[in-house]
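# Architecture at a glance
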Amino acid sequence: MSAHNDSPKISVIVPLFNRKKFLPQLLSTIEKQSFRDMELILVDDGSEDGTEQWISENIDTFTVPVMYRRQNNGGPYAARNTGLSLAKGEYIAFQDSDDEWPEYHLDSLYKVMSKNSDIDWVFGSLVRIDHQTREVKERSNLVRNNNKHPFLELDSKPVNNFEKFSVFNDKRMGEFAIKYSVPGSTQCALIRKKVFEAETFDETYRTAYDRFFAIRLAMMGYTFAYTETTHQIYHIHDEHISLVANSSPEKLKRSAQTMIRGYSGLRELAKNSFEKKAIDERLAHVYAWELSMSCQEMREYKQAAVAMMKAVKYCPKNYLFWRSLIASFLRVIKHPIEK
């Protein structure tokens, strides 16, 4: 273990699970950061590919203090929570071993946070590239169909002394977070550590909880700021456990079930009828166009019909849901025996 800093400004937490081949890239992205007052916390979540040996052989190559902790496999959110329990920094940054940060990432976000005590979470944009070719697949996650991400349509004002940053000051934060998600992924953000005194990651999830973690914080009234400058370089490759597009119907079904669980869990935080309605609409969408469709592809026609019934329950005025429900019943009649 490298010499430890007892009072770093930032704690960088990186969960690791069988990512040995990406560790040189992690070393590179940490070393090129212009901000140096940090500690790096590596939480090895039960890797079996030589990750521990690589770290042992290369830990002194890092020029920032490194803490390595190995634990039995519990998933990425358990690893993050372990990292949080070890963190000494006033601010928390999360990174994945297979992604990159621009060299200004930590420095830029730290300057904003350190001079604006009212901001709890500040994020930048994310660019997606092909891991092998580095071809850009998406230039910014803050843009949808050549339009600004809907979440950015919330009322905001410039951050004091930082013209490229804006801070949200809109009572509709929770509602918009539910409807559109918060585009600031945990890996392109800097978060004040005190936030985690009220909310940590749900370790029973294996994927997708970043979305619900951010939504929950928005619903709880924490303050978010953002910049449209790139702060995360996300690598697309086949080993991503979170990839859903072009996946098998089985994986799409599991993803839908995770989404349903996540949105259902937001009910306890809903403060008004707008947030409750937004939750119902999101649940209806997932039941109808994700769970029902994946069940249909798997020829689980009864389950597909049940999912459509739940979509109708949450949004009974939606004509398309009723039409799809009737079609689902007809498939059940045509295929009374499922595999």
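Up top is the structure these notes are about.
Okay, so let's go over this structure. (Residues numbered from 1 in each chain as written. Predicted model: local features only at pLDDT ≥ 70, side-chain atom pairs only at ≥ 80, totals over all residues. Heavy atoms only, no water.)

What follows is about the environment of Glu163. With respect to the helices and strands, the residue Glu163 is situated in strand E10 (residues 162-168). Judged by relative accessible area, which is 76%, Glu163 ranks as exposed. Once the C-alpha coordinates of Glu163 and Phe196 are considered, the two residues, 33 residues apart in sequence, prove to be 28 Å apart. (Helix = DSSP H or I, 4+ residues; strand = E, 2+ residues; numbered from the N terminus. Buried < 20%, exposed > 50% of the residue type's maximum accessible area, 1.4 Å probe, protein only.)

This next bit is on the side chain of Ser292. Topologically, Ser292 is positioned in helix H8 (residues 273-297). Accessibility expressed as a relative area gives 0% for Ser292, which makes it buried. Only 2.9 Å separates the side chain of Ser292 from the backbone oxygen of Ala304, close enough to count as a polar contact. Residues within four places of Ser292 in sequence aside, it is in contact with Tyr287, Ala304, Ala307, Met308 and Ser328. (Polar contact = N/O pair within 3.5 Å; in protein donor to acceptor, adjacent residues only side chain to side chain. Contact = heavy atoms within 4.5 Å.)

Counted by the stated rule, this structure contains 20 aromatic pairs. Judged by centre distance (6.2 Å) and plane angle (40°), the rings of Phe196 and Phe201 are tilted. Each member of the pair, Phe196 as well as Phe201, carries the same accessibility label: buried. The positively charged end of Arg80 is found above the aromatic ring belonging to Phe94, 4.9 Å away from the centroid. (Phe/Tyr/Trp six-rings, centres within 6.5 Å; stacked < 30°, edge-to-face > 60°. Lys NZ or Arg CZ within 6 Å of the ring centre and 35° of its normal.)

With that settled, the discussion passes to the pairing of strand E3 (residues 66-70). Note on strand geometry: in a regular strand, side chains alternate between the two faces of the sheet. The pairing of strand E2 (residues 38-44) with E3 spans five bridges and is parallel. Looking at the pairing, Val43 lines up with Arg69 of E3. Chirality of the crossover, the property in question, places the unit of E2, helix H2 (residues 51-58) and E3 among those that are right-handed. (Pairing = 2+ DSSP bridges. Right-handed = clockwise from strand over helix to strand, strands pointing away.)

On to the pattern of salt bridges, then. On inspection of all chains with the given rule, the structure shows 19 salt bridges. Glu135 is the salt-bridge partner of Lys137, the closest N and O atoms lying 3.4 Å from each other. Within the structure, one salt-bridge network assembled from shared partners comprises Lys32, Glu100 and Arg134. (Salt bridge = Lys/Arg side-chain N within 4 Å of Asp/Glu carboxyl O.)

Taken together, the side chains of Trp289, Tyr319 and Leu320 define a hydrophobic patch exposed on the protein surface, amounting to about 330 Å² of accessible area. Of note, Tyr319 is situated in helix H10 (residues 319-334). You can call Tyr319 exposed: its relative accessible area is 58%. (Patch = residues over 30% accessible without salt bridge, like charges linked within 9 Å, V, L, I, M, F, W, Y side chains within 5 Å. Areas by Shrake-Rupley, 256 points an atom, 1.4 Å probe, with all protein chains shown as cover.)

Let us look at the side chain of Asp96. With respect to the helices and strands, the residue Asp96 is situated in the loop between strand E4 (91-94) and helix H4 (105-114). This buried residue, Asp96, is left without a salt bridge; Arg80 holds the nearest opposite charge, at 4.3 Å. With residues near it in sequence (within four places) discarded, Asp96 still touches Val14, Pro15, Arg80 and Gln187. (Lys, Arg positive; Asp, Glu negative; His and termini not counted.)

Take helix H5 (residues 173-180) next. For an α-helix, 3.6 residues make a turn, and residues three or four places apart therefore share a direction. For H5, a buried count of six out of eight residues is recorded, marking the element as mostly surrounded by other parts of the structure. Taken residue by residue, H5 has Met173, Gly174, Glu175, Phe176, Ala177 and Ile178 as its buried positions. Considering only its buried residues, H5 is in contact with E10, helix H6 (209-219), strand E12 (224-236), helix H7 (249-264) and H8. Once H5 ends, the next one or two residues include Ser181, with phi positive near 70°.

By themselves, these figures tell us nothing about what the structure is for.
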